[in-house]
Amino acid sequence: MWQDLAPIGRNAESGGYRRYAWTAADADCRAWFQAQAETRGLTCEVDRNGNQWAWLGDPTAPGAVVTGSHLDSVPDGGAFDGPLGVVSSFAALDELRRRGAEFNKPLAITNFGDEEGARFGLACVGSRLAAGQLTPEKAAELRDADGITLPQAMERAGYDPSLIGPDPERLARIGAFVELHVEQGRALDLSGDPVGIASAIWPHGRWRFDFHGEANHAGTTRLVDRRDPMLTYAETVLAARREAELAGAVATFGKISVEPNAVNAIPSLVRGWLDSRAADQSTLDTVVAAVTRAAKDRAERDGVDLRVVRESFTPVIEFEHALRDELNKILGGALPVLGTGAGHDAGILSGSIPTAMLFVRNPTGVSHSPAEFAAEDDCVAGVIALADVLEGLACS
């Protein structure tokens, strides 16, 4: 499965993946998913929001056990974030069939669409739509860098965007969702464990900072006459690092847009996106407020106008304790329980259905990068753990 999936959407220069929602690479990933499902005799369907489902048993029966993740990527992302969960789900089913397991509940493997938000700027679009956390009206306003809206992209890919929206009937038939994911950090590497269980997802969000200055000639405009928004942006980036370090949180400006974006021109607009996450809501609020305050102070000095817009936000998500404890019991009760600063479809769905997560050791802690890695032995351990969990939940 890894060999078949590995070439899809891979950039030859960076070695990373560019599997963006509703593109040709995304279509190839979806075809791969359907082929894997059909090879195993599963019933494959696509829901109203473009999420793929591969069913063993009756899809309309209650109490289904669902596993899976996503196949899209961040720009030049790694091979494991998302795909490890999907590949491991098919492999876990193979393992259960090898054991001769008999299912008394429906089982499904999923590929949620546009989890990373690389194209339209909002993460977990497929699961947010299904859970009613993103309205069709707001989804229709999402645009990529070329001005193409989400509905337009879906339509060009052969899907009907008029159908998107909440899917409570489908979610009501799910008894548990378990997502396996490569760890985005080094907690398991430091503890020496190949597999762990998630406790909670930190509260996190994305804020857009618009710094409006005045375009002018880079060679003829005196420094004292400039209204340069790049200076304000630079100070804000440094403030984000400083305030996050003081609070024990994380804050990152990882995306920037500049107008007119010319070497010999002072910018008229610098637009930067802040991603910030913390273990609790109070800490996150403190960091974002401090960064915003630093930006405003510098903007006043530079003669720059500032606008800050919160584009997305997810509060702290505690995975259901009963399901989490059941996973730990099935797996022997000795696995480490970890918090995470990364968002996941399991987190989005946790408000609608019982969800849990398994993490597979990442020896370097690197994620969202071509250097992302998990050893084969650890991946196999993750498959066995997931198979044990699915057997305990769907075959008991």
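To be clear, the structure that these remarks concern was listed above.
Residues numbered from 1 in each chain as written. Predicted model: local features only at pLDDT ≥ 70, side-chain atom pairs only at ≥ 80, totals over all residues. Heavy atoms only, no water.

Draft legend 1. Geometry of the nonpolar core. Trp 32, Phe 33, Leu 42, Phe 90, Leu 327, Leu 358 and Leu 393 are the most contacted members of the largest nonpolar core, which totals 46 residues. Discounting residues that sit within four places of it in the chain, Phe 90 has contacts with Met 1, Trp 32, Phe 33, Gln 36, Ala 37, Arg 40, Leu 42 and Ile 109. Formed by 24 residues, the second largest nonpolar core is a distinct cluster that contains Phe 112, Ala 123, Phe 177 and Ile 201. (Core = buried A, V, L, I, M, F, W, Y, C linked by side-chain atoms within 4.5 Å. Buried < 20%, exposed > 50% of the residue type's maximum accessible area, 1.4 Å probe, protein only. Contact = heavy atoms within 4.5 Å.)

Draft legend 2. Summary view of helix α9 (residues 229–247). Helix length check: α9 (19 residues) gives 27 Å between terminal C-alpha atoms against 27 Å at 1.5 Å per residue, within 8%. On the buried face of α9, the contacting elements are β7 (204–212), β9 (250–259), β11 (269–277) and α10 (281–302). Gly 248, located one to two residues past α9, shows a positive phi value of around 75°. (Helix = DSSP H or I, 4+ residues; strand = E, 2+ residues; numbered from the N terminus. Expected span 1.5 Å × (residues − 1).)

Draft legend 3. Here's a closer look at the packing of helix α2 (residues 24–39) against helix α3 (residues 83–99). The interhelical angle for the contact between α2 and α3, taken along N-to-C directions, is 10°, at an axis separation of 11 Å. Judged by the angle between their axes, α2 and α3 are roughly parallel. Contacts between α2 and α3 involve Trp 32, Phe 33, Gln 36 and Ala 37 from the former and Val 86, Val 87 and Phe 90 from the latter. Split into classes, the residues belonging to the contact of α2 with α3 amount to 6 nonpolar, 1 polar and no charged. (Axes fitted to C-alpha atoms, helices over the stretch in contact; angles between N-to-C directions. Parallel < 35°, antiparallel > 145°, perpendicular 65-115°, else oblique. Nonpolar A, V, L, I, M, F, W, Y, C, P; charged D, E, K, R; others polar.)

Draft legend 4. Region of interest: the environment of Asp 345. If you trace the backbone, Asp 345 turns up in helix α12 (residues 345–349). Expressed as a C-alpha distance, the spacing of Asp 345 and Cys 124, which sit 221 residues apart in the sequence, is 6.0 Å.

Draft legend 5. How the structure looks around unusual backbone geometry. Here the residue pair Glu 259 and Pro 260 is connected by a cis peptide bond, since its omega of 0° sits within 30 degrees of zero. The phi torsion at Cys 124 lies on the positive side, around 60°, for a residue other than glycine. Structurally, Cys 124 is set in the loop between β4 (107–111) and α4 (125–131). Unlike most non-glycine residues, Asn 261 shows phi in positive territory, near 65°. Tracing the chain through its elements places Asn 261 in the loop between β9 and β10 (265–266).

Draft legend 6. Highlighting the side chain of Asp 47. Along the polypeptide, Asp 47 turns up in the loop between β1 (43–46) and β2 (52–56). Arg 170 provides the closest opposite charge to the buried, salt-bridge-free Asp 47, at an N-O distance of 4.3 Å. At a separation of 2.8 Å, a polar atom in the side chain of Asp 47 contacts the main-chain amide nitrogen of Asn 49. At a separation of 3.0 Å, a polar atom in the side chain of Asp 47 contacts the main-chain amide nitrogen of Gly 50. Filtering out sequence-adjacent residues up to four positions away, Asp 47 remains in contact with Trp 53, Asp 167 and Arg 170. (Lys, Arg positive; Asp, Glu negative; His and termini not counted. Salt bridge = Lys/Arg side-chain N within 4 Å of Asp/Glu carboxyl O. Polar contact = N/O pair within 3.5 Å; in protein donor to acceptor, adjacent residues only side chain to side chain.)

Draft legend 7. Spatial organisation of the packing of aromatic side chains. Per the stated rule, a full pass over the model turns up 12 aromatic pairs. On the numbers, 5.9 Å between centres and 75° between planes, the contact of Trp 53 with Phe 112 is edge-to-face. Here Phe 112 lies in the loop between β4 and α4 and Trp 53 lies in strand β2, a separation of 59 residues in the sequence. On the accessibility criterion, Phe 112 (2% relative accessible area) is buried. Taken together, the ring pairs connect Trp 53, Trp 55, Phe 112 and Phe 177 into an aromatic cluster. In this structure, Arg 170 packs its charged tip against the face of Trp 53, placed 5.0 Å from the ring centre. Lying across the ring of Trp 273, Lys 255 places its NZ or CZ 4.5 Å from the centre. (Phe/Tyr/Trp six-rings, centres within 6.5 Å; stacked < 30°, edge-to-face > 60°. Lys NZ or Arg CZ within 6 Å of the ring centre and 35° of its normal.)

Draft legend 8. View of the layout of surface pockets. Here the second largest pocket defines a volume of roughly 200 Å³. Lining the second largest pocket are 13 residues, and of these Trp 2, Val 87, Cys 379, Val 380 and Val 383 lie nearest its centre. Looking at the lining of the second largest pocket residue by residue, the class counts come to 11 nonpolar, 1 polar and 1 charged. (1 Å grid on protein atoms, 1.4 Å probe; cavity = no way out; pocket = protein on both sides within 12 Å on 5 of 7 lines; lining within 4 Å. Points joined across faces, edges and corners; volume = space filled by probe spheres on them.)

Draft legend 9. Spotlight on helix α13 (residues 376–394). Spanning 19 residues, α13 covers 26 Å between terminal C-alpha atoms, matching the ideal 27 Å at 1.5 Å per step. All of the buried residues in α13 are Asp 378, Cys 379, Gly 382, Val 383, Ala 385, Leu 386, Ala 387, Val 389, Leu 390, Leu 393 and Ala 394.

Draft legend 10. Structural view of the pairing of strand β5 (residues 174–182). Burial within β5 is extensive, with 8 of its 9 residues counted as buried. Two strands pair when backbone bridges link them, and strand β3 (residues 64–69) and β5 are joined in this way by 4 bridges, in the parallel orientation. Paired with Val 66 across the two strands is Phe 177, which belongs to β5. Summarising the sheet, β5 and strand β15 (residues 355–360) pair through 6 bridges and their orientation is parallel. (Pairing = 2+ DSSP bridges.)

Draft legend 11. Local environment of the pattern of salt bridges. According to the stated counting rule, one finds 21 salt bridges in the structure shown. Among the ionic pairs, Asp 189 bridges to Arg 186, the shortest N-O distance being 2.7 Å. With a relative accessible area of 25%, Asp 189 lands in the partly exposed category. On the basis of relative accessible area, Arg 186 is assigned to the partly exposed category, the value being 39%. The closest approach of N and O atoms between Asp 210 and Arg 271, which form a salt bridge, is 2.7 Å. You can see Asp 210 sitting in strand β7 and its partner Arg 271 sitting in strand β11, a full 61 residues away along the chain. If you follow the salt bridges from partner to partner, you end up with Glu 95, Arg 98, Arg 99, Asp 388 and Glu 391 in one network.

Just distances and angles here, no functional claims.
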